[in-house]
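Observations on chain architecture
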Amino acid sequence: MKRAVLCTLVLIWFGCLAAMTGAQGIQLSQGKKMKIYISADMEGVVGVVTGDQLSPQGFEYNRFREFMTAEVSVAAQAAFDAGATEIVISDSHGNGENLLIEKLPQNVTVVRSWPRPLMMMQGIDETFAGAIYIGYHTSTNNPAGVRAHTISSARLADVRLNGVSMPEAGINAAIAGHFNVPVIMVSGDDQVVKEVQAMLGNIEGAVVKWAYGFHSARTLTPEVAYAVIRDKVKRAMERIKEFKPYHIKAPVQLDVRFKSYRPSEMLSYLSIVERTDSHSIRFMGKDIVEVSKFLEFITTYEPSLEP
Ligand SMILES: [Zn+2]
């Protein structure tokens with residue numbers, strides 16, 4: 001009995017060896033895991049110019065959810081085609097419930113709704129090889145770009161990390177960088193591509209529209225935008241080894257400027273917060289993860305939170 005088991009094991013071993021030597025290259029590349037993270041916003045999606053496309057109250061929202069979903073789908077599919085083995089997508093706009101999950105490629109998982117400690121990067125960790133931004137927009141400090149804002153267009157006038165004004169793309173790159181993951185590609189209007197490339201270097205950029213102002217742009221049509229995104233993701237995957245994670249120095253000094261007066265007044269009651277002027281506060285985080293949690297807290301918390 002024992003001898004039979006041993007024989008079987010030896011046979012399996014030799015069988016495996018034979019299979020490996022027969023197609024070693026294929027075996028090795030097929031066995032290699034490559035995880036890609038996709039953070040999806042909506043302001044930078046093809047055709048989006050105003051609130052009419054961006055929230056469930058807008059008359060064009062349901063159609064533009066389709067376009068957002070399609071942009072994310074082609075990005076995911078292009079990444080799979082280029083060797084990605086696992087993809088996590090975060091639905092990171094508005095209510096976090098925009099993507100039509102039944103229309104995404106079968107083998108992805110999707111992060112939905114809020115709050116979440118890593119905000120638009122929830123789900124990322126050190127096992128990912130690269131991060132992709134779809135549908136992104138410029139910072140609240142940028143005079144150009146469709147729907148330019150940082151985290152909350154209604155509430156925040158500036159977000160700085162270690163003294164430097166940050167777009168969402170920068171904050172999220174620092175979160176990815178904390179886990180040693182580089183950002184490899186961004187899609188959106190011409191201005192966000194310019195802004196992100198100025199900050200992160202020569203990553204791939206898919207321009208799907210050209211901004212004239214906060215609420216106006218000249219846009220591609222959806223199918224053409226999908227082709228541009230597909231092409232840029234493919235190129236980014238080919239170049240994936242060239243990109244460097246974006247690291248910021250720890251501890252991280254966070255400065256937030258509110259559009260209203262009272263948030264800074266109330267937050268200054270907390271001993272971990274310093275009020276730096278009428279509308280601004282400062283928080284020192286031991287790293288970007290702590291800063292991310294603090295940002296999520298101050299933009300989400302209200303005493304009426306239920307359940
Ligand atoms: Zn958004």
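Description of the structure in this document. This structure is a prediction, so every number in the text was calculated from the model and none was measured.

Bringing the sheet that holds strand β8 (residues 204–213) into the picture now. Spatially, 7 strands are ordered β3-β2-β1-β4-β7-β8-β9 in an open sheet, and the strand pairing comes out mixed. A single partner strand is all that each edge strand has here, and the edge strands are β3 (108–111) and β9 (216–219). Geometrically, the sheet is characterised by an average inter-axis angle of 25 degrees between neighbouring strands, direction not taken into account. Pairing between strand β2 (residues 86–91) and β3: 4 bridges, direction parallel. Considered in β3, the bridge of V88 is made with T109.

Here the focus is the sheet that holds strand β5 (residues 156–161). Reading across the sheet, the 5 strands line up as β6-β5-β10-β12-β11 and stay open at both edges, with antiparallel pairing between neighbours. Two strands close off the open sheet at either side, each with one partner strand: β6 (164–165) and β11 (273–277). Relative to strand β12 (residues 280–285), β11 runs antiparallel, the two being bridged by 4 bridges. Counterpart to D277 in the pairing with β12 is S280. Relative to the sheet, helix α8 (residues 288–300) contacts β5, β10 (252–258), β11 and β12, its axis offset from that of β10 by approximately 20 degrees.

Here we take up the pairing of β12. Relative to β12, β10 is paired through 6 bridges, and the arrangement is antiparallel. Looking across to β12, one finds that R257 is bridged to S280. What sits between the antiparallel neighbours β11 and β12 is a turn of 2 residues.

Considering all chains together, one arrives at 5 aromatic pairs under this definition. Taking 5.8 Å as the distance between ring centres and 85 degrees as the angle between the ring planes, the aromatic pair formed by Y37 and F128 counts as edge-to-face. Linking Y37 in strand β1 (residues 35–40) with F128 in strand β4 (residues 128–136), this pair joins segments that are 91 residues apart in sequence. Taking relative accessible area as the criterion, F128 reaches 5% and is therefore assigned buried. The ring centre of F128 lies 4.6 Å from the NZ or CZ of K35, which sits over that ring. Stacked on the ring of Y261, the Lys or Arg R275 has its end atom at 5.0 Å from the ring centre.

So, about the coordination of the zinc ion. Those donors, D41 (OD), E43 (OE), E43 (OE) and H93 (ND1), are the protein atoms that reach the zinc ion, and they lie 2.0 to 2.6 Å from it. One way to put it: the 4 donor atoms around the zinc ion meet at angles of 54 to 135 degrees, and that makes the site irregular. One chain supplies every donor for the zinc ion, spaced along it as D-x1-E-x49-H. Here the two residues D41 and E43 agree in accessibility, since each one is buried.

Below, the discussion takes up the layout of surface pockets. For the largest pocket, the calculated volume is near 1400 Å³. Along the walls of the largest pocket sit 41 residues, with S152, R155, I298, T299 and T300 positioned nearest its centre. Those elements giving two or more residues to the lining of the largest pocket turn out to be α4 (168–178), α7 (262–267) and α8. The greatest single-element share of the lining of the largest pocket, amounting to 5 residues, is contributed by α8.

Once that is clear, we can look at α4. Most of α4 is tucked away, with 10 of its 11 residues classed as buried. Along α4, the residues that are buried comprise E168, A169, G170, I171, N172, A173, A174, I175, A176 and G177. In the stretch just after α4, N180 is the one whose phi turns positive, near 65 degrees.

Here D91 is to be found in strand β2. Buried within the structure, D91 lacks any salt-bridge partner; its nearest side chain of opposite charge belongs to R112, at an N-O separation of 4.9 Å. Excluding its chain neighbours within four sequence positions, the residues that come into contact with D91 are A40, M68, G96, E97, N98, L99, V110, V111, W114 and R116.

As a further point, take the nonpolar core. The biggest cluster of nonpolar side chains holds 86 residues, and the ones touching the most others in it are I38, I87 and I124. For I87, the residues in contact, after removing those within four places along its chain, are I36, I38, A76, A79, F80, N107, V108 and T109.

Conventions used here
Residues numbered from 1 in each chain as written. Predicted model: local features only at pLDDT ≥ 70, side-chain atom pairs only at ≥ 80, totals over all residues. Heavy atoms only, no water. Pairing = 2+ DSSP bridges. Helix = DSSP H or I, 4+ residues; strand = E, 2+ residues; numbered from the N terminus. Axes fitted to C-alpha atoms, helices over the stretch in contact; angles between N-to-C directions. Contact = heavy atoms within 4.5 Å. Phe/Tyr/Trp six-rings, centres within 6.5 Å; stacked < 30°, edge-to-face > 60°. Buried < 20%, exposed > 50% of the residue type's maximum accessible area, 1.4 Å probe, protein only. Lys NZ or Arg CZ within 6 Å of the ring centre and 35° of its normal. Donors = N, O, S within 2.8 Å, 3.2 Å for Na, K, Ca; no water. Tetrahedral: all angles 85-135°; square planar, octahedral: opposite > 155°, others 65-115°. 1 Å grid on protein atoms, 1.4 Å probe; cavity = no way out; pocket = protein on both sides within 12 Å on 5 of 7 lines; lining within 4 Å. Points joined across faces, edges and corners; volume = space filled by probe spheres on them. Lys, Arg positive; Asp, Glu negative; His and termini not counted. Salt bridge = Lys/Arg side-chain N within 4 Å of Asp/Glu carboxyl O. Core = buried A, V, L, I, M, F, W, Y, C linked by side-chain atoms within 4.5 Å.

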